[in-house]
Amino acid sequence: MSKAVVSLATGLEDPEKVTVAMLMAVGAAETGRETVVFAAKEAVRLAVEGTAVGTACTGCPPLASLLDRFTAAGGRWFVCPICFEAKQLDAGQLVKGAELAGTVPLWNWIGDEGATTFSY
């Protein structure tokens, strides 16, 4: 099975970019790829329950529905622990499928077979 990593460093300050990244992640997960969103910088907030809300643009799907689809398709979040802790967020509030995991766990997950990557 192929793997996909969507690297996201942008949060709700650019909801259209977040929407595009999540559409890519949903597409990968729903087509059977093992998929991880690696969240860093402001994107770590999106992995906190109740944060990824709203609709970025007319015709865009709501962010909450994209997260639900991603989770339902088996998508996972690796949330940069350094960024998360710097923002003093509560790890008990992470969304389903999210864990604090930095670069070494990401590389271990990718493994020797590699992964298709997208960066936003």
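Residues numbered from 1 in each chain as written. Predicted model: local features only at pLDDT ≥ 70, side-chain atom pairs only at ≥ 80, totals over all residues. Heavy atoms only, no water.

## A word on the pattern of salt bridges
Summed over the entire model, instances satisfying the criterion amount to 5 salt bridges. The partner of glutamate 42 in a salt bridge is lysine 87, with the nearest N and O atoms 3.8 Å apart. On the criterion of sequence distance, the pair formed by glutamate 42 in the loop between strand S2 (34–39) and helix H2 (63–72) and lysine 87 in the loop between helix H3 (81–86) and strand S4 (98–100) is long-range, its members being 45 residues apart. Classification of glutamate 42 by relative accessible area gives partly exposed; the value is 30%. Residue class for lysine 87 comes out partly exposed when judged on its relative accessible area of 23%. A single network of salt bridges, built from pairs that share partners, joins Glu42, Arg45 and Lys87. (Salt bridge = Lys/Arg side-chain N within 4 Å of Asp/Glu carboxyl O. Helix = DSSP H or I, 4+ residues; strand = E, 2+ residues; numbered from the N terminus. Buried < 20%, exposed > 50% of the residue type's maximum accessible area, 1.4 Å probe, protein only.)

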